[in-house]
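Chain by chain, the residues run as shown.
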Amino acid sequence: MLFKYMLMFLFTQTYHENEGNNFVGAYEIFKPSLIVRDPGLVKRIMIQDFDHFSERRTISNSKKDECFREMLFLINGSHWKGVRSIMSPTFTSGRMRQMYHLVEEKADALIERLQRHCQEKSFVKTKTIYARYVMDVIGTCAFGIECNSINNEEEEFCKKASELNAISARGILRGIALLTLPNSVLNAIGISFTTPPFLFFQRVVEETIKNREMGVKRGDFLDLLLEQREEQSNSNTKTPKYPIKDSTIVAQSVLFLIVGHDTTAGTMAFVSYYLARNPHLQHRLRQELRDIVEEHGTLTYQTIMEAPFLDAIFSGDEQLPGTDVILKKGQHVTVPVWSLQNDPRYWTNPDQFLPDRFLPENNHNVISGTYLPFGLGPRNCIGMRFAFMEAKLALAKVILKFEMSLAPGHEELKLSVVAMKPTDDIMLVFKSLEDEQ
Ligand code: HEM
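In this convention, every chain numbers its residues from 1, walking through the sequence in written order. Reporting of local features is limited, given that this is a predicted model, to residues whose pLDDT is at least 70; pairs of side-chain atoms are given and counted only at 80 or more, and all residues count toward the totals for whole chains, interfaces and linings. The basis for the side-chain values is all heavy atoms of the structure; hydrogens and waters are excluded.

A. Quick look at the environment of D51. In this structure, D51 sits in the loop between α2 (39-48) and α3 (66-69). Along the backbone, D51 and G77 are 26 residues apart, and their C-alpha atoms lie at a distance of 9.3 Å. Under the DSSP-based scheme used, a helix requires at least four consecutive residues in state H or I and a strand at least two consecutive residues in state E, with every element numbered from the N terminus.

B. Structural detail: the coordination of the iron atom of the ligand. In this analysis a donor is any N, O or S atom within 2.8 Å of a metal ion (3.2 Å for sodium, potassium and calcium), and since water is not included, sites may seem incomplete. Among protein atoms, the single one acting as a donor to the iron atom of the ligand is C381 (SG), 2.3 Å away. Within the secondary structure layout, C381 lies in the loop between α17 (337-341) and α18 (384-401).

C. Spatial organisation of the pairing of strand β2 (residues 31-36). We call a residue buried when its accessible area falls under 20% of the maximum for its residue type, exposed when it is over 50%, and partly exposed in between, using a 1.4 Å probe and counting protein chains only. With five of its six residues buried, β2 lies for the most part within the structure. Two strands pair when backbone bridges link them, and strand β1 (residues 23-28) and β2 are joined in this way by six bridges, in the antiparallel orientation. Across the sheet, the residue bridging to E28 is K31, located in β2. Strand pairing is defined by DSSP finding a minimum of two bridges between the two strands. Pairing of β2 with strand β4 (residues 332-334), which is carried by three bridges, proceeds in the parallel orientation. When the bridges of β4 are listed, L34 appears paired with V333.

D. Structural context of the nonpolar core. With 118 residues, the main nonpolar core has Y130, Y133, L275, L395 and F430 as its most contacted residues. Sequence-distant contacts of L395, defined by excluding residues within four places in its chain, comprise Y130, V271, S272, L275, L285, L310, I313 and F314. We call a set of buried residues a nonpolar core when its members are Ala, Val, Leu, Ile, Met, Phe, Trp, Tyr or Cys and they connect through side-chain atoms within 4.5 Å of each other. Throughout, a residue-residue contact means that at least one pair of heavy atoms, one from each residue, lies within 4.5 Å.

E. Broad picture of the sheet that holds β1. With respect to topology, three strands assemble into an open sheet ordered β1-β2-β4, the strand pairing being mixed. Whereas interior strands pair on both sides, the edge strands pair on one side only; in this sheet they are β1 and β4. Averaged over all pairs of adjacent strands, the angle between their axes in this sheet comes to 35°, without regard to strand direction. Between N-to-C directions, angles span 0 to 180 degrees; the directions come from axes that are lines fitted to C-alpha atoms, helices contributing only their stretch in contact.

F. Examining the side chain of T264 more closely. Tracing the chain through its elements places T264 in helix α13 (residues 262-277). Filtering out sequence-adjacent residues up to four positions away, T264 remains in contact with V134, A387, E390 and A391.

G. The site of the ligand, seen in detail. Nearness of a residue to a molecule or strand requires only that one of the residue's heavy atoms be within 4 Å of it. The full set close to the ligand counts 24 residues, and R56, W80, R84, R379 and C381 are the nearest of them. In protein, a polar contact means a hydrogen-donor-capable atom and an acceptor-capable atom, both N or O and within 3.5 Å, with residues adjacent in sequence counting only if both atoms are side-chain atoms; elsewhere, any N or O pair within 3.5 Å suffices. At 2.6 Å, a side-chain N or O of R56 approaches an oxygen atom of the ligand. At a separation of 3.2 Å, an oxygen atom of the ligand approaches a polar backbone atom of L376. Only α4 (77-87), α12 (246-260) and α13 provide two or more residues apiece to the shell around the ligand. The greatest single-element share of the shell around the ligand, amounting to four residues, is contributed by α12. Residue polarity follows a fixed list, in which Ala, Val, Leu, Ile, Met, Phe, Trp, Tyr, Cys and Pro are nonpolar, Asp, Glu, Lys and Arg are charged, and the others, Gly among them, are polar. Looking at the shell around the ligand, its residues break down into 14 nonpolar, seven polar and three charged.

Without other data, these values stay purely geometric and don't point to any function.
Written out as structure tokens, the structure is:
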């Protein structure tokens, strides 16, 4: 209950109790914070006045956390600018096209695995199976490693990745301490974020970099980062030089797992759940995908990224303007994404799964600054294109092969109060469409 009140109350309740105000001041126990309720202000903070609000919270000065602190998500100032400029070219659509075949291989393995579930007529733990798929994609694209966790339940990478992202009591306490205690106290207690699974992945990447330096190349994310480093040290380059250390590259590869594993698998599981609950939407999506296959012969990077209904199922995005407010330097600002995305002032029936609201012809109804699944502005999610590619491709293949339905006794979706995750796995039934023919 304490956690529920801490998290849900602090943000959601404060948001709803302050109707009529664009923002509200709150204390995260000791730390003052400003909770923003107005989309104009959200855009002002995240885009127009970004230079004043570009910094994320600093985490731990502990020596142990040196690599952890190097992750793009956590670095600030000119260092963030430098590292972001090096990482950005590794996430362009051209780069995604180059990696598409690596992702497709893993999506095909997912389909084969689901076929076996069909034959066994067992319920599918959807979140778990997608997490294995995402792990295999990250393994091949970020670490250059074939882990095959989709077929091997005991696979070490997937286990460690789950541990890395697990919401443990200790992790919650660490998070609360981080949110509430001043840095001086955090440093004195010596809270460290370098957990055993983090260290495991740190060592894997360090080893892989050594192999790459001996000439092994795979065209994956790690190769791209190493190439970027090479380019930066080349005196003829036109782009500004930014020296990049091994530990910075290691940190970004591990970050891939921290920010790219659970988020993507969770999104895929949520989408599958809502499609299973809404067979008519599933049918409509299948029709769109069948038309694409009929026209182009197969699914390609371009077709899955451009399919309008598939995109509406997953998303919608937006941009610009705002209003005014003054804050003390260092004061925290909280953008309550969940509350904004569920505010009936901005959304009709916010609690319903209505993908049509995100179709291009309805985009004008989406108020900019109220829909932020990947953040907004220069510090938005750098991996969005990658996440969409892997999630859309796998879901498209799933929808073309299977009819999904809710497993009896598992109709309700219970959400964790700590993070946007289901408390239990999402259990679905996958029925092969080939059986129908
Ligand atoms: C469905 C999947 C994902 C969701 C919903 C998601 C969401 C987010 C959000 C909300 C932010 C904060 C943005 C802001 O502050 O404005 C973020 C940042 C970030 N995400 Fe993602 N993300 C996903 C997948 C990925 C993947 C696959 C990667 C791969 C590397 C990734 C890498 C990052 C990084 C590096 C940042 C920090 C960017 C910076 O500080 O400059 N994310 N993500």
